[in-house]
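Chains, contacts and geometry: an overview
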Amino acid sequence: QEHLVESGGGLVQPGGSLRLSCTDSGRIFRINDMGWYRQVRGKEREVVARITSGGSTNYADSVKGRFTISRDNAKSTVHLQMNSLKPEDTAVYYCNLRSSTGWSRYDDYWGQGTPVTVSS
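Quick summary incoming for the structure in this document.

Definitions and limits used
- Residues numbered from 1 in each chain as written.
- Predicted model: local features only at pLDDT ≥ 70, side-chain atom pairs only at ≥ 80, totals over all residues.
- Heavy atoms only, no water.
- Helix = DSSP H or I, 4+ residues; strand = E, 2+ residues; numbered from the N terminus.
- Areas by Shrake-Rupley, 256 points an atom, 1.4 Å probe, with all protein chains shown as cover.
- Lys, Arg positive; Asp, Glu negative; His and termini not counted.
- Charge placed at Lys NZ, Arg CZ, Asp CG, Glu CD.
- Buried < 20%, exposed > 50% of the residue type's maximum accessible area, 1.4 Å probe, protein only.
- Phe/Tyr/Trp six-rings, centres within 6.5 Å; stacked < 30°, edge-to-face > 60°.
- Lys NZ or Arg CZ within 6 Å of the ring centre and 35° of its normal.
- Pairing = 2+ DSSP bridges.
- Axes fitted to C-alpha atoms, helices over the stretch in contact; angles between N-to-C directions.
- Salt bridge = Lys/Arg side-chain N within 4 Å of Asp/Glu carboxyl O.

The secondary structure content of the chain amounts to zero helices and 11 strands. If you list the helices and strands of the chain from N to C, you get β-β-β-β-β-β-β-β-β-β-β. If one aligns the C-alpha atoms of the chain with their principal axes, the spans along those axes are about 45 × 30 × 25 Å. If you sum the accessible surface of the chain, you get close to 6800 Å²; carbon and sulfur atoms cover 45% of it. Seen as two clouds, the 15 positive and the 12 negative side-chain charges of the chain have centres 2 Å apart.

Here valine 47 shows up in strand 5 (residues 46–51). Looking at valine 47, the relative accessible area reads 37%, which means it is partly exposed. For the pair valine 47 and glycine 35, spaced 12 residues apart in sequence, the C-alpha to C-alpha distance is 7.6 Å.

Attention shifts here to the packing of aromatic side chains. Using the criterion set out here, one finds one aromatic pair in the structure. Between the aromatic rings of tyrosine 37 and tryptophan 110, the centroid separation amounts to 4.9 Å while the plane-to-plane angle is 75°, which identifies the pairing as edge-to-face. With tyrosine 37 in strand 4 (residues 33–39) and tryptophan 110 in strand 10 (residues 105–110), this residue pair connects regions lying 73 residues apart in the sequence. Judged by its relative accessible area of 33%, tryptophan 110 falls in the partly exposed class. When the ring centre of tyrosine 94 is taken as origin, the NZ or CZ atom of arginine 45, which lies over that ring, is 3.7 Å away. We note arginine 98 situated over the ring of tyrosine 106; from NZ or CZ to the ring centre the distance is 3.9 Å.

Pairing in this open sheet of four strands is antiparallel, and the strands run 1-3-8-7 from one edge to the other. Every interior strand has two partners, whereas the edge strands, strand 1 (4–7) and strand 7 (67–72), have only one. Mean inter-strand twist for the sheet, computed between neighbouring axes without regard to direction, equals 15°. Of the pairings in the sheet, the one linking strand 1 to strand 3 (residues 18–24) comprises four bridges and is antiparallel in character.

Turning our eyes to something else, we now look at the pattern of salt bridges. Taken as a whole, this structure holds five salt bridges when the rule is applied. One salt bridge in this structure joins arginine 38 and glutamate 46, with 2.8 Å as the shortest N-O distance. A residue is classified by how much of its surface remains accessible, and arginine 38, at 6% relative accessible area, is buried. Its relative accessible area of 37% is what places glutamate 46 among the partly exposed residues.

In structure tokens, the structure reads:
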């Protein structure tokens, strides 16, 4: 079973940058799609960015041009570089691993979450 651990969250001023990292202690990182999601209490968890096993990326419109997702398969790690941070980016950020079990079927694994606060 996969175990995801995030790091890099914290407090940053508007306009600042943070880099989140997520490392998988399992054995299937290389072949799986990864993603970063975020959630504000009382709101639904939303997709921030995703990256396929082949390196193709997608971003939420709200972060496009500011955030960059990347992966290092040798280290079983996915990163989220967050630049030009805004107060509305404040949330708990979760790392996601999607393990395909068949066509249009998959299991999701989640990290514990790392809080990001953007405030002056």
